[in-house]
Amino acid sequence: MNHNPQSDDGKHDDDTALSDFLASLMEYTPTIPDELVEHYLAKSGVQCPDVRLIRLVAVATQKFVAEVASDALQHCKARQASVVKDKRDKQQKDKRLILTMEDLSKSLREYGVNVKHQEYFADSPSTGIDPASRDE
């Protein structure tokens, strides 16, 4: 076997960095509470007494949610930028961005999460039709 002292130094640096990172998790309070992470880990069949690992899962989840939200915002901006030119004058007065379920679904699809949401009453093609006459 080839024993390379340089690779041992790199491994030691990686171990030190990992130890430092895990220690810093003890001082960090993530946005997602430890209790919530513990609940969903337990629901998935994972029992973890190590708070550092629970916080690591919370940080990873927080990063995932932030990336999905950022991507959904980009979809929202692209959708609203593609508004027909005659409607653009009206939109210039109101520059609020409206994030829709469609934007969120597109963003999640990029991460392999397929969202199927139920049709809301207001989204239905039969909106405003008497329920008794819908089947006719």
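Everything discussed here concerns the structure shown above.
Here the structure is a predicted model, which is why all the values come from computation and not from measurement. (Residues numbered from 1 in each chain as written. Predicted model: local features only at pLDDT ≥ 70, side-chain atom pairs only at ≥ 80, totals over all residues. Heavy atoms only, no water.)

**So, the packing of helix 3 (residues 51–81) against helix 5 (residues 101–110)**
Next, step 1: Packing of helix 3 against helix 5 brings their axes to within 8 Å, and their N-to-C directions diverge by 130°. Classified by the interaxial angle, the pair formed by helix 3 and helix 5 is oblique. For the pair helix 3 and helix 5, the sense of crossing is right-handed. Where helix 3 abuts helix 5, its residues Phe-64, Val-68, Asp-71, Ala-72, His-75, Cys-76 and Arg-79 lie against Asp-103, Leu-104, Lys-106, Ser-107, Leu-108 and Glu-110. (Axes fitted to C-alpha atoms, helices over the stretch in contact; angles between N-to-C directions. Helix = DSSP H or I, 4+ residues; strand = E, 2+ residues; numbered from the N terminus. Parallel < 35°, antiparallel > 145°, perpendicular 65-115°, else oblique. Left-handed = near helix turned anticlockwise from the far one by under 90°. Contact = heavy atoms within 4.5 Å.)

**Focus: helix 2 (residues 34–43)**
Next, step 1: Along helix 2, the residues that are buried comprise Asp-34, Val-37 and Leu-41. An end-on view of helix 2 places all buried positions within 65° of arc, on one side of the element. Across helix 2 from its buried face, at more than 90 degrees, point the exposed residues Glu-35 and Lys-43.
Next, step 2: At its buried positions, helix 2 is contacted by helix 3.
Next, step 3: The first or second residue beyond helix 2 is Gly-45, which carries a positive phi of 90°. (Buried < 20%, exposed > 50% of the residue type's maximum accessible area, 1.4 Å probe, protein only. Arc of directions from axis to C-beta.)

**A word on the nonpolar core**
Next, step 1: Of all hydrophobic cores here, the largest spans six residues; its members are Ile-32, Val-37, Leu-41, Cys-48, Ile-54 and Ala-58.
Next, step 2: For this core, the secondary structure elements donating two or more residues are helix 2 and helix 3.
Next, step 3: Dropping the residues within four chain positions of it, Ile-32 is found in contact with Val-37, Ala-58, Thr-61 and Gln-62. (Core = buried A, V, L, I, M, F, W, Y, C linked by side-chain atoms within 4.5 Å.)

**Topic: the side chain of Asp-103**
Next, step 1: Residue position: Asp-103 is located in helix 5.
Next, step 2: Judged by its relative accessible area of 1%, Asp-103 falls in the buried class.
Next, step 3: If sequence neighbours within four positions are ignored, Asp-103 has contacts with Ala-72, His-75, Cys-76, Arg-79 and Ile-98.

**What about the packing of aromatic side chains?**
Next, step 1: With the rule as written, the count across this model stands at one aromatic pair.
Next, step 2: With a centroid separation of 5.5 Å and 80° between ring planes, the pair formed by Phe-64 and Tyr-111 is classed as edge-to-face. On the criterion of sequence distance, the pair formed by Phe-64 in helix 3 and Tyr-111 in the segment after helix 5 is long-range, its members being 47 residues apart. (Phe/Tyr/Trp six-rings, centres within 6.5 Å; stacked < 30°, edge-to-face > 60°.)

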